[in-house]
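The lines below spell out each chain.
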Amino acid sequence: MPAIAETLHLDENSIRPEELSTSTLMRELNLQAKPAWVLRKLMNALEGKRQAKGLGWSRLWNKNGLNIFRSHVHHIAEDEDLLGPVKLFVASALSKETEVYWQFASDLLSDPTLMAFTFYHNYQAEGFQYEGLTVSFGRRVPGDPTKRDRLDLILEDRRMDGRVDGQLDQFRIFVCPWAEYQNGRRHLALTSEGMASDALKPAQELYWDCVRKHNQWKESEGRQWSHWSQRYIDYFGPRSFIPGGTSFN
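Residues numbered from 1 in each chain as written. Predicted model: local features only at pLDDT ≥ 70, side-chain atom pairs only at ≥ 80, totals over all residues. Heavy atoms only, no water.

**Q** With reference to specific residues and values, describe the overall build of the protein.
**A** The number of helices and strands found in the protein is seven helices and six strands. In sequence order, the secondary structure elements of the protein are arranged as α-α-α-β-α-α-β-β-β-β-α-β-α. When burial is assessed residue by residue, the protein has 49% of its 249 residues classed as buried. A fraction of 66% describes how many contacts in the protein between residues 6 or more apart in sequence connect residues 24 or more apart. (Helix = DSSP H or I, 4+ residues; strand = E, 2+ residues; numbered from the N terminus. Buried < 20%, exposed > 50% of the residue type's maximum accessible area, 1.4 Å probe, protein only. Contact = heavy atoms within 4.5 Å.)

Next up, the structure:
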């Protein structure tokens, strides 16, 4: 009987990657012996399966409409000058919303096993373009290290007439306990939509702080987060646009 890999024949007319088992997808990807366009199809199929099971870090709001062009890893204790104000802002913002959101966020952000990254992105939605970043927090779910409790602060500057001005136009906070996410629920806990401009001031300061850290770390090898698979995932890659006045040059 021929080996499974020999019977796949992954050209445009072959079986859809979504129909392959997770183990087969993983094997094909690990071999990295296929043309790039095939690996891209396989990786995005695998990512879809992982997403459906809630595995790993990625969430829908961290990929849909996004082009992530750089990722920085945080060292929690070393980065308190940046992460401390971010935590305070998130906790303060959520305390004005539902108690459940606030309790979860407070517990997560004080967890000694907390992990954090910043992802820098282009974003397109409802006819608008943005550049921005996500400060992304998470921890492994007790008893199941493949799952994550998650919380994201997303800060974005809208592109107008081909340019951005460094001024924050919107923020969003997503709260995502695994206990809820596994049942298909996700939470946009807070959005700046409809807020007065002065209500954005604390978030604006955070955005500028994050931009300064980007410029400090962009050449630091120890701060870059990367994995070979990023070359084949749709939402990672070179910038789809670079606006005039970009904060991430």
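That covers the picture; the talk isn't over yet.
**Q** Can you tell me about the side chain of His-74, naming the residues and giving the values?
**A** Structurally, the position occupied by His-74 is in the loop between strand E1 (66–73) and helix H4 (80–95). A polar side-chain atom of His-74 sits 3.0 Å from a polar atom in the side chain of Asp-79. Discounting chain neighbours no more than four positions away, the residues touching His-74 are Asp-79, Leu-82, Leu-83, Ala-116, Phe-117, Thr-118, Trp-217 and Arg-223. (Polar contact = N/O pair within 3.5 Å; in protein donor to acceptor, adjacent residues only side chain to side chain.)

**Q** Describe the environment of Arg-139, listing the residues and the values that go with them.
**A** Residue position: Arg-139 is located in strand E3 (residues 128–141). Among the residues examined, Arg-139 registers a relative accessible area of 9% and is labelled buried. Each C-alpha atom, one on Arg-139 and one on Pro-177, is 10.0 Å from the other, the two residues being 38 residues apart in sequence. Non-local contacts of Arg-139, meaning those with residues more than four positions away in its chain, are made with Phe-104, Asp-107, Leu-108, Asp-111, Thr-113, Met-115, Lys-147, Arg-148 and Asp-149.

**Q** Help me get a handle on the packing of aromatic side chains, residues and values and all.
**A** Under the criterion given, the structure shown has seven aromatic pairs. Here Trp-225 and Phe-236 contribute two aromatic rings whose centre-to-centre distance is 6.4 Å and whose plane-to-plane angle is 40°, an arrangement assigned as tilted. Here the residue Trp-225 occupies a position in the segment after helix H7 (201–217), and Phe-236 occupies one in the segment after H7, the gap between them amounting to eleven residues. We classify Trp-225 as partly exposed; its relative accessible area is 34%. Using a relative accessible area of 12% as the deciding quantity, one classes Phe-236 as buried. Three or more aromatic residues link up through ring pairs in this structure, and these residues are Phe-117, Phe-119, Trp-225 and Phe-236. Over the face of the ring belonging to Trp-217 we find Arg-223, whose NZ or CZ atom lies 3.9 Å from the ring centre. A cation sits over an aromatic face here: Arg-239 above Phe-69, 4.1 Å from the ring centre. (Phe/Tyr/Trp six-rings, centres within 6.5 Å; stacked < 30°, edge-to-face > 60°. Lys NZ or Arg CZ within 6 Å of the ring centre and 35° of its normal.)

**Q** Give a detailed account of unusual backbone geometry, specifying residues and quantitative values.
**A** We note that Glu-126 has phi near 55°; this positive angle belongs to a residue other than glycine. Within the secondary structure layout, Glu-126 lies in the loop between strand E2 (115–125) and E3. The phi torsion at Asp-161 lies on the positive side, around 55°, for a residue other than glycine. Along the chain, Asp-161 turns up in the loop between strand E4 (144–159) and strand E5 (170–176).

**Q** So, the pairing of E3: which residues are in play, and what are the values?
**A** A large share of E3 lies buried, amounting to eleven of its 14 residues. Pairing of E2 with E3, which is carried by eleven bridges, proceeds in the antiparallel orientation. Residue pairing across strands places His-121 opposite Gly-132, the latter belonging to E3. Taking the residues between adjacent antiparallel strands as the criterion, E2 and E3 are bridged by two residues, where Glu-126 takes a positive phi near 55°. For E3 and E4, the ladder comprises 13 bridges, and the chain directions are antiparallel. Residue pairing in the sheet places Thr-134 in a bridge with Ile-154 of E4. Connecting E3 to the next strand, E4, in antiparallel fashion are two residues, including Gly-143 with a positive phi near 90°. (Pairing = 2+ DSSP bridges.)

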